[in-house]
Amino acid sequence: MRIKKWCRRLFVLPLWLALLIAVPSAALVAAVLARGGESSALHCASYVLSAYGTAVAVTAVVRAVRRGPDSLALVRKFRGTAAGARYWDNPVFRAEVSLYTGLGVNLAYVAVKLVSGVCCRSLWFAALSAYYLMLSLLRFALLHHVRRSPVGREYASELRRCRLCGVLLLVLNQALSVIVTLVVVRNQGVQYGGYLIYAMAMYAFYATITSAVHVVRFRRYHSPVLSAAKAVNLTAALVSMLSLETAMLAQFGEDEVFRRRMTAATGFAVCAFVLGLAACMIVRSSRALKEVTS
């Protein structure tokens, strides 16, 4: 019983304290790995601290999820405000907020890509920043439609927007195919400076996770505009993973043949998936629009 008591004191911590331990320990491990060199006492200490931070963070998050969001004082205070009550009780408004948040993060990613392209003199980064900017503009147009007209009120108009989004994704996918082909043919790869690659990795995983959540969450609204925004989110996530893979292979991979094959395989898979997604959006929207207008 005494051992169990000490284990609870050691591993069952408040959420804020667990995150306060987990985040710096993860940053320490990233710094140690980036520094390289032979194993030392600092390496071992950072690994142990990171393992402990991960354990207490997972434990704290699981406890918070089991208790529910109302168990957190900050959540209760937020729900007590007018904006918090609307966010919590209106699922459509909550979906809009999450999409606008994703748009803001996406624009920040565009800026980082553009700066990296200028600093590294990389056509690959510059082209990707332009591609992401077009996706951001497309997402903003969809969200503007949602703000102008509530979800489900103008179903035919939403179908037209969804079909147009599919056509634009189809055009943008051709540009992405050209970019990937040039990268594979020239076997280009650009390394991020300093710890920037870890920030890009965090964004790539964030975009992938949020897009997967949106796929499940927005399905219940039966809104063509939200479905189109979901498709744009998913496209941006896949391209970010492709960009991350290219940077990781350039920075840590030594075999040029393997790097070229992996970039070609992943690039072809992403382009094929986006092509199928765009075609599906066009076909389904056209069929539904024909049924609505007939």
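Residues numbered from 1 in each chain as written. Predicted model: local features only at pLDDT ≥ 70, side-chain atom pairs only at ≥ 80, totals over all residues. Heavy atoms only, no water.

Before going further, it helps to spend a moment on the overall build of the chain. Counting secondary structure elements, the chain contains 11 helices and 0 strands. The N-to-C order of helical and strand elements in the chain reads α-α-α-α-α-α-α-α-α-α-α. Contacts spanning at least 24 positions in sequence make up 76% of the contacts within the chain whose residues lie at least 6 apart. Here the chain displays about 16900 Å² of accessible surface, and carbon together with sulfur accounts for 67% of that area. (Helix = DSSP H or I, 4+ residues; strand = E, 2+ residues; numbered from the N terminus. Contact = heavy atoms within 4.5 Å. Areas by Shrake-Rupley, 256 points an atom, 1.4 Å probe, with all protein chains shown as cover.)

What follows deals with the side chain of threonine 263. As for its position among the elements, threonine 263 is in helix H11 (residues 256–293). If near-sequence neighbours (up to four positions away) are discounted, threonine 263 is found in contact with Val180, Val183, Val184, Leu242, Glu245, Thr246 and Leu249.

On the surface, Leu107, Leu133, Met134 and Leu137 cluster together into a nonpolar patch covering about 350 Å² of accessible area. Tallying contributions element by element places helix H7 (residues 123–148) first for the nonpolar patch, with 3 residues. With respect to the helices, strands and loops of the structure, leucine 133 is situated in helix H7. (Patch = residues over 30% accessible without salt bridge, like charges linked within 9 Å, V, L, I, M, F, W, Y side chains within 5 Å. Salt bridge = Lys/Arg side-chain N within 4 Å of Asp/Glu carboxyl O.)

For the coordinates displayed, the defined rule picks out 1 aromatic pair. Summarising the aromatic geometry, the rings of tyrosine 131 and tyrosine 132 are spaced 6.4 Å apart at their centres and angled 90 degrees between planes, so their arrangement reads as edge-to-face. (Phe/Tyr/Trp six-rings, centres within 6.5 Å; stacked < 30°, edge-to-face > 60°.)

Another point: the packing of H7 against helix H8 (residues 155–186). In contact at an axis separation of 11 Å, H7 and H8 are set at 175 degrees when each is read in the N-to-C sense. Considering their axes alone, H7 and H8 lie roughly antiparallel with respect to each other. Contacts from Leu123, Trp124, Ala127, Tyr131, Met134, Leu135, Leu138, Ala141, Leu142, His145 and Arg148 in H7 reach Ser157, Glu158, Arg161, Cys165, Leu168, Leu169, Leu172, Leu176, Ile179, Val183 and Arg186 in H8. Here the contact of H7 with H8 is built from residues that sort into 16 nonpolar, 2 polar and 4 charged. (Axes fitted to C-alpha atoms, helices over the stretch in contact; angles between N-to-C directions. Parallel < 35°, antiparallel > 145°, perpendicular 65-115°, else oblique. Nonpolar A, V, L, I, M, F, W, Y, C, P; charged D, E, K, R; others polar.)

This brings us to the confidence of the model for the chain. A low pLDDT means the predicted coordinates there should not be read in detail. Here the chain averages 75 in pLDDT, while 75% of its residues score no lower than 70. Mean pLDDT across the elements of the chain ranges from a minimum in helix H4 (residues 73–79), with 65, to a maximum in H11, with 87. (pLDDT = per-residue confidence, 0-100.)

Another point: the environment of glycine 267. Inspection of the secondary structure assignment puts glycine 267 in helix H11. For the pair glycine 267 and valine 183, spaced 84 residues apart in the sequence, the C-alpha separation amounts to 9.7 Å. Residues within four places of glycine 267 in sequence aside, it is in contact with Val180 and Leu242.

In a pair of packed helices, the angle between the axes and the distance between the axes together describe the arrangement. It is the contact of H8 with H11, at a shortest axis distance of 8 Å, that shows an interaxial angle of 165 degrees. As summarised for this structure, H8 and H11 are arranged roughly antiparallel, according to the angle between their axes. Crossing angle aside, the handedness with which H8 passes H11 is left-handed. Grouping the amino acids of the contact of H8 with H11 by side-chain chemistry returns 24 nonpolar, 9 polar and 3 charged. (Left-handed = near helix turned anticlockwise from the far one by under 90°.)

With that settled, consider the nonpolar core. Counting residues in each nonpolar core, the largest one holds 41 residues, and the members touching the most others are Cys165 and Leu169. For this core, the secondary-structure elements that each account for two or more residues are helix H6 (91–120), H7, H8, helix H9 (196–217), helix H10 (224–252) and H11. Beyond its immediate sequence surroundings of up to four residues, leucine 169 is in contact with Leu135, Leu138, Ala231, Thr235, Val274, Ala278 and Met281. (Core = buried A, V, L, I, M, F, W, Y, C linked by side-chain atoms within 4.5 Å. Buried < 20%, exposed > 50% of the residue type's maximum accessible area, 1.4 Å probe, protein only.)

Secondary-structure assignment places valine 185 in helix H8. Sequence-wise, valine 185 and arginine 260 are 75 residues apart; in three dimensions their C-alpha atoms are separated by 8.1 Å.

The next subject is the environment of leucine 99. Here leucine 99 shows up in helix H6. Among the residues examined, leucine 99 registers a relative accessible area of 1% and is labelled buried.

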